[in-house]
Amino acid sequence: MTASTITQVGFTLPGNYPELDPAAGLEQTLRLFEFAEQIGLQVAGIRQRHLENGVSSALTFLAAATQRTSTIRLETAVVPLGYETPFRLAEDFATVDALSGGRLNAGISTSAPHSELLGSLGRTDAGATVDAYELISRFLDALDGRALSDETIYTPYGHVTPRIQPHIPSLRDRVWLGGGSLRSVRWAAEHGLKLLLGNITAADGDATFEQAQRLHVDAYYDAYAGPGTPAIGVERVIVPTDSATASQRDHYAAYLDSRTERTLAPVNGHVFQKDLVGTSDEIIQRLRDDPTIDGRTEVRIALPYAFDDADYRQILRDITERVLPELGWTPGPVASSAVSEAAAV
């Protein structure tokens, strides 16, 4: 592979639903997962959002998605550990992975969003003295199947070793840490985790987004300690306009304008990437110029919040039909038999 080659591509979104009809929005998002599999994307990810009209329980949603898809990898992007009990969370991940037939990417982060409102409602040990990386270590210990006692315990199933059930050893190798700081990047590498990078990153001095994220990519590869295989997924907000209607193009332009100011200067030591909105040719060139797209990184298309289903499908169609083939990507195996049906939906 060479720089700008992209072979593994997925998407991620938070899911949208109307206040009075969450079932309709969740069903629409499940159908989008089916559509993504049909057009050959390799990964479908769901964000976990709290206090919003988006998916607040990523694993519950993906449990449903396991029954609606068969080949696409499913990903939590990401579950913040700030409010979770590591052992119980590991049980949920293992259960969903079993339902999926081993297709789950366990995306986690050290964060605790809306902590000023939710902090007092979380775990009793979730105070400022608890190191978030200690929570990750407990989570990994559970996935590893570390026994909670040297003695077996008696259950209705007989004597068993007290450890996580179901125990799926390979799941430990599919843990992805969402990172945006040098500490999180190095921690992921040193513990053999895979890495998810977003479109915001910590930066020193006057470094641009591209310079700061490339530094994080290099730091990860340099520090990776295994025993698994290093992998990095990078989010990019990509919105091609080629087949968009006039109203969609106006909507996309307004969306870009609303987010451009934050990319002009660092915000609290963090820098943002400018969204990739434009023609396929313009987006292809932006991706070719992106130093993080190095032939090894996977791409996650970050679908914008609160767009319509028709917008999401137009965006994914244009990306898979007009952008990615120019960068070395070929669809996954399902697309060859189902793409014509998907395109007609």
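Residues numbered from 1 in each chain as written. Predicted model: local features only at pLDDT ≥ 70, side-chain atom pairs only at ≥ 80, totals over all residues. Heavy atoms only, no water.

Points about the packing of helix H3 (residues 86-100) against helix H5 (residues 132-144)
- One way to put it is that H3 packs onto H5 with a least axis distance of 8 Å and a crossing angle of 45°. As far as their axial angle goes, H5 and H3 are oblique. Both H3 and H5 take part in a crossing whose hand is right-handed. Contacts between H3 and H5 pair Pro86, Phe87, Leu89, Ala90 and Phe93 from the former with Leu135, Arg138, Phe139, Ala142 and Leu143 from the latter.
- Along the lines of polarity and charge, the residues of the contact of H3 with H5 split into 9 nonpolar, no polar and 1 charged. (Axes fitted to C-alpha atoms, helices over the stretch in contact; angles between N-to-C directions. Helix = DSSP H or I, 4+ residues; strand = E, 2+ residues; numbered from the N terminus. Parallel < 35°, antiparallel > 145°, perpendicular 65-115°, else oblique. Left-handed = near helix turned anticlockwise from the far one by under 90°. Contact = heavy atoms within 4.5 Å. Nonpolar A, V, L, I, M, F, W, Y, C, P; charged D, E, K, R; others polar.)

Re the nonpolar core
- One finds Phe11, Phe33 and Phe93 to be the most contacted residues of the largest nonpolar core, which totals 81 residues.
- When residues of this core are assigned to their parent elements, the largest contribution, 7 residues, is made by H5.
- In this structure phenylalanine 93 touches Leu59, Thr76, Val79, Leu104, Ala106, Gly107, Ile108, Phe139 and Leu171, once residues within four positions along its chain are discounted. (Core = buried A, V, L, I, M, F, W, Y, C linked by side-chain atoms within 4.5 Å. Buried < 20%, exposed > 50% of the residue type's maximum accessible area, 1.4 Å probe, protein only.)

Considering the packing of aromatic side chains
- The tally for this structure, following the rule as stated, stands at 9 aromatic pairs.
- When the ring of phenylalanine 93 is compared with that of phenylalanine 139, the centres are 5.5 Å apart and the planes differ by 70°; the resulting orientation is edge-to-face. Taken together, the positions of phenylalanine 93 in helix H3 and phenylalanine 139 in helix H5 put the pair 46 residues apart, joining distant regions of the chain. Comparing phenylalanine 93 with phenylalanine 139, the two get one shared label, buried.
- Sitting above the plane of the tryptophan 176 ring, arginine 300 keeps its charged end 5.2 Å from the centroid. (Phe/Tyr/Trp six-rings, centres within 6.5 Å; stacked < 30°, edge-to-face > 60°. Lys NZ or Arg CZ within 6 Å of the ring centre and 35° of its normal.)

Considering unusual backbone geometry
- Cis rather than trans, the peptide bond between alanine 77 and valine 78 has omega equal to 0°.
- Structurally, valine 78 can be placed in the loop between strand E3 (73-76) and strand E4 (79-80).
- In this structure, proline 166 follows glutamine 165 across a cis peptide bond, with omega equal to -5°.
- Counting through the fold element by element, proline 166 comes out in the loop between strand E7 (158-160) and strand E8 (175-179).
- A positive phi angle, near 50°, is found at asparagine 268, a position not held by glycine.
- Mapping asparagine 268 onto the fold places it in the loop between helix H8 (246-260) and strand E13 (270-272).

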